Each structure stands twice: as C-alpha cells, then as structure tokens.
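# Close look at the chain arrangement
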Amino acid sequence: MEINWIALLLAALSTLVVGFIWYNPKVFGAIWMKETGIKMEGGKPNGSEMAKLLGISLIYAFMISIILQFNVIHQFGAFSMTGGDILHAKPSYNAFMADYIDAFRTFKHGAFHGFLVGLLLALPMIGTNSLYEKRSFKYVLVTGGYWIVCFTIMGGIICSMK
C-alpha cells in the first residue's frame, strides 16, 4: 500500500478553498467574527501575516490528511496487519489485495467516512474546547461545521485518488 502524497496535498489544499468560502462574511464569516470577538478594524492582515497563516494552516491540514487516509481507505487495515512489511507478508495478504485493491475506493465512500470522522471526532473536540473557553453554541456550529465539510471533502479526495 503506497501513500498518495499528491492526494494528501490536494486534500490539504481543499481546506483553504473551503475556508475562503465558509469564512466569507456573506456566508459564516460575520457570525464567526462576532462569536470570537475578532474585528476587522485594522483591515485585512498584511501579505506576510496572511502567508504565514495560510502556510501553517496548510501544514496542519496536511497532517490531518495523513491520518485521515487510514480512516477512509480500508486497504490500509490489511496493510497494517503485515506490520508494514509487505515483502514478508503471507500469501493471503497478496491474494486479498489482488481481490480488493480498488474496493470502496470512490469519492462517495471516502466522503462518507470523512463526514463520520468530522461529526464524531472534530465536532466533539471543538465542542469540548468551546465549553471551557466559554464559546457560544453558534461558534461550535460554525467551526464544527467547517471541519465536518472539510473532512468530508478531504476523505473523498484521498479515497478516490489511487
């Protein structure tokens, strides 16, 4: 089982595209700014600040895509059973992979699993942090919704690109 680094990078980049849309003031950006107390009084961040924000965001999203692939591509389960050493795997591993190498490798299937990870992992994490940070439920919905959408799209990209 080989890692598709291009798929992981595209999945990570998709979070920036979703973010540009999601956090636009005409979509959820105004609500998010109100709930976080962020004001655009000084205007937008300058070019170097924005580059830094986007660069670090992309690194984090890439880290997420690395672990997400193990949730959306079932074949990694068989690969992990070999200890990652396919050269010494039992013949049953090769037979399994010959039969199922492309099974469930669709955008729809990956999106489904990405959605579940977003709903059952990202949302509760954001919700728990928000309780202690005394954030509003609107904040949880906007931020959690963003990550659910991102994980859905990321899962679809990762799973469908062979």
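Everything here concerns the structure above.
My aim in this report is to walk through the structure given alongside it, one point at a time. Here the residue index of a chain counts from 1 through its sequence in written order. Totals for whole chains, interfaces and linings use all residues, but because this is a predicted model, local features are given only for residues with pLDDT of at least 70 and pairs of side-chain atoms are given and counted only at 80 or more. Side-chain figures throughout are based on the complete set of non-hydrogen atoms in the structure, without hydrogens or water.

## Describing the side chain of Thr-143
As a reminder, the rule being used: Helix numbering and strand numbering both begin at the N terminus, where a helix is a DSSP run of H or I of at least 4 residues and a strand a DSSP run of E of at least 2. Any two residues whose heavy atoms approach within 4.5 Å at even a single point are treated as in contact.
When you line up the elements, Thr-143 lands in helix H7 (residues 137-160). Each residue touching Thr-143, except ones within four places of it in the same chain, is listed here: Tyr-23, Trp-32 and Ile-126.

## Considering the packing of helix H1 (residues 5-22) against helix H3 (residues 47-72)
We apply this condition: Interaxial angle, 0 to 180 degrees, is taken between N-to-C directions of lines fitted to C-alpha atoms, where a helix line uses only the stretch in contact. For this classification, under 35 degrees means roughly parallel, over 145 means roughly antiparallel, 65 to 115 means roughly perpendicular, and everything else is oblique. Two helices cross in a left-handed way if the nearer one is turned anticlockwise from the farther one by less than a right angle. They cross in a right-handed way if the turn is clockwise. Charged residues are taken to be Asp, Glu, Lys and Arg, nonpolar residues to be Ala, Val, Leu, Ile, Met, Phe, Trp, Tyr, Cys and Pro, and polar residues to be all remaining types, Gly included.
For the pair H1 and H3, the least separation of the axes is 8 Å and the interaxial angle reads 130°. Between H1 and H3, the crossing angle belongs to the class labelled oblique. Crossing handedness for the pair H1 and H3: right-handed. Together, Trp-5, Leu-8, Leu-9, Ala-11, Ala-12, Leu-13, Thr-15, Leu-16 and Phe-20 of H1 and Leu-54, Ser-57, Leu-58, Ala-61, Phe-62, Ser-65, Ile-66 and Gln-69 of H3 make up the contact between the two elements. In the contact of H1 with H3, the residues fall into 13 nonpolar, 4 polar and no charged.

## As for the state of the cysteines
Among covalent bonds in proteins, the disulfide is the one between the sulfur atoms of two cysteines. Put simply, the test is: Note on terminology: disulfide denotes any pair of cysteine sulfur atoms within 2.5 Å.
Counted by the stated rule, this structure contains 0 disulfides. No disulfide involves Cys-150; its sulfur sits 18 Å from the nearest other cysteine sulfur, which is in Cys-159.

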